[in-house]
Amino acid sequence: MEPDYSAQDVARCDLCKSAIAQSYCDFCHVNLCKPCIGEHISDEYDKHKIVPILQRKSTLIYPKCETHQNKTCEYQCKDCNISICIDCIVAKQHNKEHEFIKLEGVFNAKKKHIRRVTEDLEKQFLPAYEDIANDLELQIASLDGEYKKLSTEMSGKREEIYREVDNAFNQMEKEIGEIKVNHKSILQKHLDEIKQLQSSMLQTLNALNEMEESNEVSATINYSCKTEELSKLPPKVILSMPRFIRKQIKREEFCCLIGKLSPLSTTLEERVFTAKKPNTSVRELLNEPEVLNTIKTGHRHLHSVTCHNDEQIWTTGGTADIKCFDIQGVLQNTIQTKSGEMPWNIAVDTTGALLYCDVKTRTVYKVKNGQTETIITLQGWRPSQLCVTSSGNLLVTVFSDDKTQSKVLRYSGSTVKQTIQFDDEGQPLYSGNGFIKYISENRNLDICVADFAADAVVVVNQAGELRFRYTGHSSPTKNKPFKPRGITTDSQGRILTADKCNHCIHILDADGQFLCYIDNCGLRKPFDVCVDSNDSMFMCEFITGSVKKIKYSK
């Protein structure tokens with residue numbers, strides 16, 4: 001049944017306006033019920049074309065011939081790109097050397113092209129624009145939080161300046177006290193000297209009074225008066241009172257001391273459209289997964305693997321080497337990190353460029369065509385793991401320098417678009433330490449993080465809201481703690497995570513329900529996993545340095 005005439009929209013006869021239409025005149029373009037067909041064609045007009053209503057508009061309406069008025073043009077001249085009728089061809093009024101084709105074929109080819117364009121618009125471009133719109137809505141929704149963080153950071157600087165100002169004034173208050181004590185000490189010393197002279201002067205005065213009343217000749221003649229020494233006044237001590245000298249600071253200078261806000265930067269970054277491959281098949285899990293190939297990478301302590309495409313994988317281990325292999329295990333390329341340090345994780349973006357993160361330099365680098373460039377440099381945080389999303393964004397797990405906090409950052413280019421750190425109750429979503437936290441995006445845009453230190457897989461939706469935590473599956477044969485390492489998702493939305501301690505892979509559905517283990521392939525300390533477009537899994541073993549390609553679904 002055609003959508004225009006579903007149960008919710010029954011076609012009515014255009015003549016009687018009440019009966020349900022079973023037929024259609026493909027020339028007059030009217031709906032007809034059975035009783036009205038006779039009335040419609042009663043005018044003996046020979047152009048009527050009655051068809052079942054489900055075949056409406058199946059009769060082609062050809063253009064009228066400008067030369068032969070009663071004829072329609074059913075052909076096209078490919079050379080002149082004009083429509084002509086059969087009489088034009090028979091009468092040889094058109095160049096006989098030109099090539100004629102039926103308009104029906106041109107029409108059907110154009111219709112096929114229109115259907116293909118319509119399908120592309122509906123299934124490819126419209127979803128891409130919806131992703132862009134959702135992305136912008138996400139940015140707008142996160143603005144309040146991001147600007148609140150900016151205000152909080154500035155408030156912290158304000159408090160810091162307040163403390164420094166208080167400390168400066170407290171220091172000056174202390175200096176005032178010390179100067180006051182010294183000032184008082186100098187004056188007190190001078191006062192003591194004056195009082196001592198006063199005492200000597202009183203003693204001399206008493207002696208003179210006694211001498212004046214005495215009639216002893218010898219004592220009076222021999223008395224020596226020291227009035228000359230006493231008549232010389234001591235020097236005056238002049239101390240200047242300290243003053244507070246105000247320093248005039250212009251507002252501009254003061255603002256420079258505080259810091260400044262960087263301007264709002266607007267740049268345009270070219271989007272790369274990647275057509276989404278339709279996934280109409282359901283791939284069931286195999287009862288017995290099998291190893292298809294084993295690649296010896298030569299890495300010491302192999303800890304990362306990522307698929308470049310269905311033909312190549314990239315790997316990294318305990319050295320500065322990042323190696324590229326084909327799926328047969330032949331080494332294709334080796335890249336050295338810029339700093340000479342071991343990269344913690346690698347990823348490949350939508351353009352095929354290699355990304356890797358350097359914990360020591362707090363930097364995420366991009367390598368393309370042999371050239372290395374910096375795309376992200378963090379302050380106070382260190383990048384751990386990477387994931388390129390279906391929209392071309394980059395998800396990065398990071399931890400603070402003091403290893404007390406962890407979070408997920410979403411980047412568009414070098415711009416942070418989203419921060420995921422706390423749940424609705426303000427509690428941390430991830431363990432606050434420097435342990436590696438592998439990350440992957442699922443088909444439903446959930447963000448899956450393997451939190452090794454928390455013994456859990458933490459899954460949030462696109463908005464950063466907690467969906468569930470998976471803490472392992474009880475099994476008599478898996479008796480060691482669940483310590484998830486690498487994590488990935490497949491075309492069915494299943495989540496695969498490496499359990500290094502129990503030498504297996506856990507497979508969950510998109511809602512966190514345990515489905516099965518992969519533990520029959522001789523796995524030894526599986527560390528990281530990825531899947532290609534055919535849902536073949538590549539698993540790297542930490543100790544052996546081998547990557548195993550495993551078929552786990554039909």
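Conventions we followed
- Residues numbered from 1 in each chain as written.
- Predicted model: local features only at pLDDT ≥ 70, side-chain atom pairs only at ≥ 80, totals over all residues.
- Heavy atoms only, no water.
- Helix = DSSP H or I, 4+ residues; strand = E, 2+ residues; numbered from the N terminus.
- Rg over C-alpha atoms; globule rule 2.2 N^0.38 Å.
- Buried < 20%, exposed > 50% of the residue type's maximum accessible area, 1.4 Å probe, protein only.
- Contact = heavy atoms within 4.5 Å.
- Phe/Tyr/Trp six-rings, centres within 6.5 Å; stacked < 30°, edge-to-face > 60°.
- Lys NZ or Arg CZ within 6 Å of the ring centre and 35° of its normal.
- Pairing = 2+ DSSP bridges.
- Axes fitted to C-alpha atoms, helices over the stretch in contact; angles between N-to-C directions.
- Patch = residues over 30% accessible without salt bridge, like charges linked within 9 Å, V, L, I, M, F, W, Y side chains within 5 Å.
- Areas by Shrake-Rupley, 256 points an atom, 1.4 Å probe, with all protein chains shown as cover.
- Salt bridge = Lys/Arg side-chain N within 4 Å of Asp/Glu carboxyl O.
- Lys, Arg positive; Asp, Glu negative; His and termini not counted.
- Charge placed at Lys NZ, Arg CZ, Asp CG, Glu CD.
- Core = buried A, V, L, I, M, F, W, Y, C linked by side-chain atoms within 4.5 Å.
- pLDDT = per-residue confidence, 0-100.
- Expected span 1.5 Å × (residues − 1).
- Bend = angle between axes of the 7 residues up to and from the residue.
- Polar contact = N/O pair within 3.5 Å; in protein donor to acceptor, adjacent residues only side chain to side chain.

K.L.:
Provide a residue-level description of the overall build of the protein chain, including the pertinent values.
P.N.:
Along the protein chain, the regular secondary structure elements total six helices and 30 strands. Here the C-alpha radius of gyration of the protein chain, 45 Å, is well above what a compact globule of 554 residues would show, namely 24 Å. Principal-axis analysis of the C-alpha atoms gives the protein chain an extent of 180 × 65 × 55 Å. Each of the 554 residues in the protein chain was classed as buried or not, and the buried ones make up 35%. Residue pairs at least 24 apart in sequence account for 44% of intrachain contacts in the protein chain once pairs closer than 6 positions are excluded.

K.L.:
So, the packing of aromatic side chains: which residues are in play, and what are the values?
P.N.:
Inspection of every chain in the model, using the stated rule, returns six aromatic pairs. Through a chain of ring-to-ring contacts, the aromatic side chains of Y438, F527 and F542 assemble into a single cluster. Against the face of F452 rests K483, its NZ or CZ located 5.1 Å from the ring centre. Positioned above the aromatic ring of F542 is the side chain of K500, whose terminal nitrogen or guanidinium carbon lies 4.8 Å from the ring centre.

K.L.:
Just give me the short version of the sheet that holds strand 1 (residues 23-25), but keep the residues and values in it.
P.N.:
Overall, antiparallel pairing links the three strands, which are arranged 2-1-3 in an open sheet. Of all the strands in the sheet, just strand 2 (30-32) and strand 3 (50-52) have a single pairing partner and so form its edges. Taking each pair of neighbouring strands and ignoring which way they run, the sheet shows an average axis angle of 35°. The pairing of strand 1 with strand 2 spans three bridges and is classified as antiparallel. Paired with C25 across the two strands is V30, which belongs to strand 2.

K.L.:
Quick one: what's the story with a positive patch on the surface, residue by residue and with numbers?
P.N.:
A grouping of K57, K111, K112, R115 and R116 is seen on the molecular surface, where their side chains present a positively charged patch. With respect to the secondary-structure elements, R116 resides in helix 3 (residues 103-213). Look at R116 and you get partly exposed, because its relative accessible area is 43%.

K.L.:
Quick rundown of the nonpolar core? Include the residues and the values.
P.N.:
Considering soluble globular proteins, one finds that nonpolar side chains tend to be buried as a cluster. By size, the foremost hydrophobic cluster in this structure holds 42 residues, and its most contacted members are I376, L386, L394, F538 and V547. The element best represented in this core is strand 17 (residues 394-400), accounting for four residues. With 13 residues, the next largest nonpolar core counts A498, I507, I518 and Y552 among its residues.

K.L.:
If you had to explain the pattern of salt bridges to someone new, which residues and values would you point to?
P.N.:
What the rule picks out here adds up to 16 salt bridges. Across the salt bridge formed by E146 and K149, the nearest N and O atoms sit 3.3 Å from each other. Of this pair, E146 and K149 both sit in helix 3, three residues apart, roughly one helical turn. On the basis of relative accessibility, which here comes to 38%, the residue K149 falls in the partly exposed class. Linking R467 and D446 is a salt bridge whose minimum nitrogen-to-oxygen distance equals 2.5 Å. One end of the pair, R467, is in strand 23 (residues 466-470); the other, D446, is in the loop between strand 20 (437-441) and strand 21 (447-451), with 21 residues separating them in the sequence. Judged by its relative accessible area of 35%, R467 falls in the partly exposed class. Classification of D446 as buried rests on a relative accessible area of 4%. Through salt bridges with shared partners, a single ionic network connects R362, R382 and D401.

K.L.:
Explain the sheet that holds strand 30 (residues 546-553) to me, and be specific about the residues and the numbers.
P.N.:
Across a sheet, paired strands are connected by hydrogen bonds in the backbone, their directions being either parallel or antiparallel. Pairing is antiparallel across the open sheet formed by four strands, whose spatial order is 7-30-29-28. Looking along the sheet, the strands with just one partner apiece sit at the ends: strand 7 (285-296) and strand 28 (526-531). Between one strand axis and the next, the sheet turns by 25° as a mean value, whatever way the strands run. Two strands pair when backbone bridges link them, and strand 7 and strand 30 are joined in this way by seven bridges, in the antiparallel orientation. Residue E290 lies in a different strand from strand 30, and its bridge partner there is K551.

K.L.:
Provide a residue-level description of the confidence of the model for the protein chain, including the pertinent values.
P.N.:
Chain-level pLDDT for the protein chain is 86 on average; 94% of the residues reach the 70-or-more range. Scored below 50 in pLDDT, residues 1-8 shows ten contacts in the model against residues more than four places distant or in partner chains.

K.L.:
Which residues make up helix 3, and what values do they have?
P.N.:
For helix 3, with 111 residues, the first-to-last C-alpha span of 159 Å sits near the 165 Å given by 1.5 Å per residue. A maximum bend of about 40° is found in helix 3 at L143. Along helix 3, the positions that sit buried rather than exposed are L103, Q124, P127, A128, D135, L138, S142, I161, H190 and T204.

K.L.:
Describe unusual backbone geometry, and please don't skip the residues or the numbers.
P.N.:
Of note, H29 is a non-glycine position whose phi angle comes to about 60°, a positive value. In this structure H29 comes out as partly exposed when scored by relative accessible area, which is 37%. Backbone geometry places L445, a non-glycine residue, at a positive phi of 75°. Residue position: L445 is located in the loop between strand 20 and strand 21.

K.L.:
Explain a nonpolar patch on the surface to me, and be specific about the residues and the numbers.
P.N.:
Judged by side-chain polarity, I140, L143, Y147, L150, L261 and L264 come together as a nonpolar surface patch covering roughly 660 Å² of accessible area. With respect to the helices and strands, the residue L261 is situated in the loop between helix 6 (251-258) and strand 7. On the basis of relative accessible area, L261 is assigned to the exposed category, the value being 59%.

K.L.:
Go over the side chain of D490, please, and point to the residues and values.
P.N.:
For D490, the location among the structural elements is in the loop between strand 24 (484-489) and strand 25 (495-499). Within the structure, the side chain of D490 is placed 3.0 Å from the backbone nitrogen of Q492, a separation counted as a polar contact. Each residue touching D490, except ones within four places of it in the same chain, is listed here: N442, R443, L496, V531, D535 and Y552.

K.L.:
Requested: an account of helix 6, with residues and values cited.
P.N.:
Side chains that are three or four residues apart share a direction in an α-helix, a result of its 3.6 residues per turn. Helix 6 sits mainly on the outside: zero of its eight residues count as buried. At the exit of helix 6 stands G259, carrying a positive phi of roughly 130°.

K.L.:
Any chance you could break down the pairing of strand 16 (residues 381-388) for me, citing the residues and the numbers?
P.N.:
Consecutive side chains of a regular strand alternate in pointing toward one face of the sheet and then the other. Of all eight residues in strand 16, seven are buried; the element is thus mostly enclosed. As judged from the seven bridges shared by strand 16 and strand 17, these two strands associate in the antiparallel manner. Residue pairing for strand 17: V388 is matched across the bridge by L394. Once strand 16 ends, the chain turns through five residues before running back antiparallel as strand 17, passing G392 with a positive phi of about 95°.

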